[in-house]
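Coordinate analysis (summary)
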Amino acid sequence: MPNILTLTRQRVLNDMIKSTQPVGRWKVIIVDPRSVRILNASCRMHEVLEENVTLVEDITKKRSPYHSIEAIYFITPTPENINILIDDFTRSPKPSYAAAHIYCTAALPDKLFGKLKNSISQHIKTLKEMLIDFIPYEPQVYTFDTPTSLFALFNPPSPSLLALEMDMLSKRLLSVLATLGEYPHIRYYDPLGQSSTGGLPLAGRFAQVVQAELDNLCRIDDQFPPVSTYRRAVLIIVDRSLDFIAPLNHEFTYQAMMNDLLVMEGGKYVYKAEGGVSTDASAAHVTAQLDDNDPIWTMLRHWHYAEAAEYIRNSFNIFLSENKAAVSTLGAKEGTNIGSMENLKQMKDTLSSLPEFQEMKAKFSVHINICQECKSLFERRKLSLVASVEQDMATGETSDGRAPKNIFMDLVAALDSKDVISVDKIRMLMMYITSQGGIQDGDRRRLLDYAKLTIEESQAITNMHYFGVRLSAPAIPEKKKEMGRYTYYGRKNDKKKNKHSDEDVPYDLSRYSPILRTVVEDQILNKLDTTIFPWIKEPPMDEMLPPSASRIKGSTQSGGILGSITGQSNIIGGGATSLRTTRASWSKKAKGHITMNPVYCGSNPTSPTTQEVNIEDDLRKNGPRVVVFMLGGMSFSEMRTVYELQKKYERECFIVQFVEALKEIHKPDAMVSFGSKSTPKNEIAIPSNPIVTGIKDDKKKAGDKLKGMFKTAK
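Please read these numbers as outputs of a predicted model, since none were measured by experiment. Position labels on residues start from 1 in each chain and follow its written sequence. Per-residue local features of the predicted model are confined to residues with pLDDT of at least 70, and side-chain atom pairs are confined, for both listing and counting, to 80 or more; whole-chain, interface and lining totals are unaffected and use all residues. Note that water and hydrogens are dropped before the side-chain values are worked out from all heavy atoms of the structure.

Here the focus is the overall build of the protein. Under the DSSP-based scheme used, a helix requires at least four consecutive residues in state H or I and a strand at least two consecutive residues in state E, with every element numbered from the N terminus. Counting its regular elements, the protein contains 27 helices and 13 strands. Within the protein, contacts between residues at least 6 apart in sequence are counted, and of these 80% link residues at least 24 apart. To measure how exposed things are, a 1.4 Å probe is used in the Shrake-Rupley method; for residues, cover is taken only from the protein chains shown. Accessible surface, the protein as shown: approximately 30,100 Å² in total, 52% of it carbon and sulfur. Whether two residues are in contact is decided by their heavy atoms: any pair within 4.5 Å suffices.

Let us now look at the sheet that holds strand β3 (residues 70-75). Ordered by their spatial adjacency, five strands build an open sheet running β2-β1-β3-β4-β5, and the pairing between neighbours is parallel. Looking along the sheet, the strands with just one partner apiece sit at the ends: β2 (53-58) and β5 (124-129). Strand-to-strand twist in this sheet, taken as the mean axis angle between neighbours without regard to direction, amounts to 15°. Think of it this way: DSSP has to see at least two bridges between two strands before they count as a pair. For strand β4 (residues 100-104) and β5, the ladder comprises five bridges, and the chain directions are parallel. Pairing of His101 across the sheet is with Thr126, part of β5. In this analysis an axis means a line fitted to C-alpha atoms, helices contributing only their contacting stretch, and an angle means the value between N-to-C directions, from 0 to 180 degrees. Most of the contacts of helix α2 (residues 35-42) go to β3, to which it runs at about 95°, and overall it touches β1 (27-31), β2 and β3.

Within the secondary structure, His304 is located in the loop between α10 (295-300) and α11 (305-322). In terms of polar contacts, His304 uses its side chain to reach the backbone amide nitrogen of Ala306, at 3.1 Å. Contacts described as polar in this section are N or O atom pairs within 3.5 Å, which, within protein, must combine one atom able to donate a hydrogen with one able to accept it, while residues neighboring in sequence count only if both atoms come from side chains.

Let us now look at the sheet that holds strand β12 (residues 285-289). Reading across from one edge, β10-β11-β12 is the order of the three strands in this open sheet, with antiparallel pairing throughout. Across the chains shown, the open sheet's two edge strands, defined by having one partner strand only, are β10 (264-265) and β12. Across five bridges, strand β11 (residues 268-272) lies against β12 in antiparallel orientation. Residue pairing in the sheet places Val270 in a bridge with Thr287 of β12.

What follows deals with the packing of aromatic side chains. A pair of Phe, Tyr and Trp rings is counted when the ring centres sit within 6.5 Å of each other, with Trp represented by its six-membered ring. The angle between the planes then sorts it: under 30 degrees is stacked, over 60 is edge-to-face, the rest tilted. A complete count under the given rule lists 17 aromatic pairs for this structure. Here the aromatic rings of Tyr254 and Trp297 are separated by 6.0 Å at their centres, their planes lie at 50°, and the arrangement is tilted. With Tyr254 in helix α9 (residues 254-261) and Trp297 in helix α10, this pair connects stretches of sequence that are 43 residues apart. Feature note: the residues Phe134, Tyr142, Phe144, Phe206 and Phe629 constitute an aromatic cluster, connected by ring pairs. Over a ring means this: the NZ of a Lys or the CZ of an Arg is within 6 Å of the ring centre and within 35 degrees of the ring normal. Against the face of Trp535 rests Arg187, its NZ or CZ located 4.1 Å from the ring centre.

Moving on to the confidence of the model for the protein. Note: predicted coordinates in regions of low pLDDT should not be interpreted at a detailed level. Predicted confidence across the protein gives a mean pLDDT of 77, with 68% of residues reaching 70 or more. For every residue, the predictor assigns a confidence score, pLDDT, that lies between 0 and 100. Per-element averaging of pLDDT across the protein places helix α23 (residues 576-580) at the bottom with 28 and β3 at the top with 98. Counting contacts from residues 275-282, a segment whose pLDDT is below 50, to residues more than four positions away or on other chains yields ten contacts. The low-confidence segment residues 676-702 (pLDDT under 50) makes 66 contacts with residues lying over four places distant or belonging to another chain.

This paragraph deals with the nonpolar core. Burial of nonpolar side chains together is a common tendency in soluble globular proteins. What makes a nonpolar core is a set of buried Ala, Val, Leu, Ile, Met, Phe, Trp, Tyr and Cys residues whose side-chain atoms join them at distances within 4.5 Å. Relative accessible area decides the class of each residue, using a 1.4 Å probe on protein chains only: under 20% of the type maximum gives buried, over 50% gives exposed, and in between gives partly exposed. Core analysis: the largest hydrophobic core is formed by 140 residues, its most contacted members being Ile237 and Phe533. Once residues lying within four places of it in the same chain are set aside, the contact partners of Phe533 are Arg187, Tyr188, Tyr189, Ile236, Val238, Leu242, Tyr486, Val519 and Leu528. Listed in part, the 20 residues of the second largest apolar core include Val28, Ile82, Tyr97 and Ile124.

With an omega of -10°, the peptide bond running from Phe224 to Pro225 counts as cis. Unlike most non-glycine residues, Asp145 shows phi in positive territory, near 55°. Here Asp145 is to be found in the loop between β7 (141-143) and α6 (149-154). Although it is not a glycine, Asn526 adopts a positive phi angle of roughly 60°. Summarising the element assignment, Asn526 is placed in the loop between α21 (515-524) and α22 (549-553). Residue class for Asn526 comes out partly exposed when judged on its relative accessible area of 33%.

What follows deals with the pattern of salt bridges. Note on definitions: salt bridges are taken to be side-chain nitrogens of Lys or Arg within 4 Å of carboxyl oxygens of Asp or Glu. Per the counting criterion, the structure on display carries 28 salt bridges. Here Lys375 and Glu379 are joined by a salt bridge, their closest N and O atoms 3.1 Å apart. Residue Lys375 and its partner Glu379 are both found in helix α14 (residues 358-380); the two are separated by four residues, about one turn of the helix. According to the relative accessible area criterion, Lys375 is buried, its value standing at 17%. On the basis of relative accessibility, which here comes to 29%, the residue Glu379 falls in the partly exposed class.

As a further point, take the state of the cysteines. Two cysteine sulfur atoms form a disulfide, by the criterion used here, when they sit within 2.5 Å. Within this structure, the stated rule accounts for zero disulfides. Here Cys374 is not cross-linked by a disulfide; its sulfur's nearest cysteine counterpart is in Cys371, at 6.9 Å. Look at Cys374 and you get buried, because its relative accessible area is 0%.

Tracing the backbone shows Thr143 in strand β7. On the basis of relative accessibility, which here comes to 0%, the residue Thr143 falls in the buried class. A polar contact is formed between the side chain of Thr143 and the backbone nitrogen of Asp145, at a distance of 2.9 Å.

Note that strand β6 (residues 135-138) and β7 share three bridges and pair antiparallel. By the bridge assignment, Glu138 is partnered in β7 with Val141. Between the antiparallel neighbours β6 and β7 lie two residues.

Compared with the 26 Å implied by 1.5 Å per residue over 18 residues, the 26 Å span of α11 between its first and last C-alpha is a close match. Counting buried residues in α11 gives 15 out of 18 residues, a clear majority hidden from the surface. Working rule for helices: expected span equals 1.5 Å times residues minus one.

A separate point is the environment of Thr530. Relative to the helices and strands, Thr530 is located in the loop between α21 and α22. For the pair Thr530 and Tyr188, spaced 342 residues apart in sequence, the C-alpha to C-alpha distance is 9.4 Å.

The description of two packed helices rests on the angle between their axes and on the distance between the axes. Where helix α16 (residues 407-415) contacts helix α17 (residues 422-436), the axes come no closer than 10 Å and their chain directions differ by 165°. Taken together, the axis directions place α16 and α17 in an arrangement best described as roughly antiparallel. In terms of crossing hand, the pair formed by α16 and α17 is left-handed. Where α16 abuts α17, its residues Ile407, Phe408, Leu411, Ala414 and Leu415 lie against Lys425, Met428, Leu429 and Tyr432. For the contact of α16 with α17, the residue count by class is eight nonpolar, no polar and one charged. Roughly parallel refers to an angle under 35 degrees, roughly antiparallel to one over 145, roughly perpendicular to one between 65 and 115, and oblique to any angle outside these ranges. Put simply, a crossing is left-handed when the front helix is turned counterclockwise from the back one by less than a right angle, and right-handed when it is turned clockwise. By the convention adopted, Pro, Cys, Tyr, Trp, Phe, Met, Ile, Leu, Val and Ala count as nonpolar, Lys, Arg, Asp and Glu as charged, and the other residues, Gly among them, as polar.

Put into structure tokens, the structure is as follows:
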């Protein structure tokens, strides 16, 4: 079965562009700022232009008329866009285009449909609701790209605005489910059991809205859901209060680390062509698109940074060892040991010395820059110190499995450091308060004094209460009570009882596992607690049978596992399996030297995404898809865990703006002010000044030093 990227691409290219065949052959495409992002994420521009498309234009800008050419309007059905469309055919004696083929990203409201019908019906040849009002992010991930949802959901200025936000999100989620052809059973997160007392939590209210949208689509479209031999999917709706630590914790896997630290513009990596930091505004910058067309990225994105850097270094050395022309260009004599190219700066300089090897440069330069910048920032921001404290707080134990005895003093030392930036201090303070279940007001004031935060930054900590985080400890200690396994405290107690049940991890600074992993895994095994995750409509028992034990224990462990973002069980291309086929899983303890099999040896790289295609059709047979939707956005660590469970994952990405948003969530006009300055998905960017270190001659020492940054667990 195709993945979410493939499905969206098929809808755009086949159902819209190719199906529109004007008499005059040529056509233009008119888009708006949102639909063009869907178009760009779904297919490449050359694929569009190959279908007799002469140009793509923005509906909001002034355009030249093409009276003899028919136009495809791929637009969001808003009153503004519909008014402009009508003007194109009525404001001058001659229409701007020969005819209109209208494809709406979402359902067209009846009022706007009537307006089109009464004004330009004679010019409309096609009118279709595409229901693809989302942006495919990865084969198993999509985003709605709504950075202000955090405010509307957790501190709405009025109940009516909350209802509007839920309505908008539910319709976009409906687009995803319709694209997947799924009419899922829905369950939601209810930690306090409000549904049993007549009330509903945030996730429960949203679940009801989504159920109503699905039921309505079934009534008006007799082709939905499509006939299928597979069991209906399960949609799990949770909110950000499920796990407040995951988006605050520093994750050192490749994708998460670079999105946390580096300059990102709409999911693209921006860097200086020759490296280094310059004050010259005219210095050349390179923008790299990191997506599934880059096989290095596809393979490395969920690896630990140290392992990804080692893979890139090994692959680069193999290239040099197999290309005598490159060695000759570098001035090296035949027989010279070039396998000592271990320093990232040296590798970067070597690339600039090989202008004739453009293909190789394109493969490696982006990732060498990423590794160099990440390493530089890791050292400059003292993230080893920061992450060590974070992991002790997040897991409730030290790297050797003991209870932390001086966590307060360790935190003070990190907060008092001049090298630790404010945003990292905020994250540590938030994690400490969350992990302690609230602290005394005096302790909080002392910690804020050590951190030297501004009033606005301190407000971000106070605003945690909007997510149900208790800020102050009770004056009289409460009696300990049994906490569920889907809470931070319950999992911490569970770990103490089952010391050896958790998976081994190779690095001290990567010990925390998001709660979402437990939720999804329990759903796969059909043991998710129905009191905490009740059903909107409970499914028949035969649809909820757990997968066979052999399937769970096997390498595919996919019984009912599919569904991360796309919700497709069978969409593994570029997913979890492909990330693990060329080497041992990063989540298992490394013994001795880590062996990696570089894909890029020579001029014909093999994409790891193509190695698993033959298993895609089998995954849905192992159990129903699992679709996860989190109100408030997911973190990259949570995305990774779903990939690791070989599922698909439904998510909105507000991740990097998470802490920034908390500074303003208490303000009545926060939605307007924050939305006006926000940019797509990954906005926080901290430019780095690469540190030039000495070149190491000993290959093993260089690799050991890199891994030592993250302290390999004993």
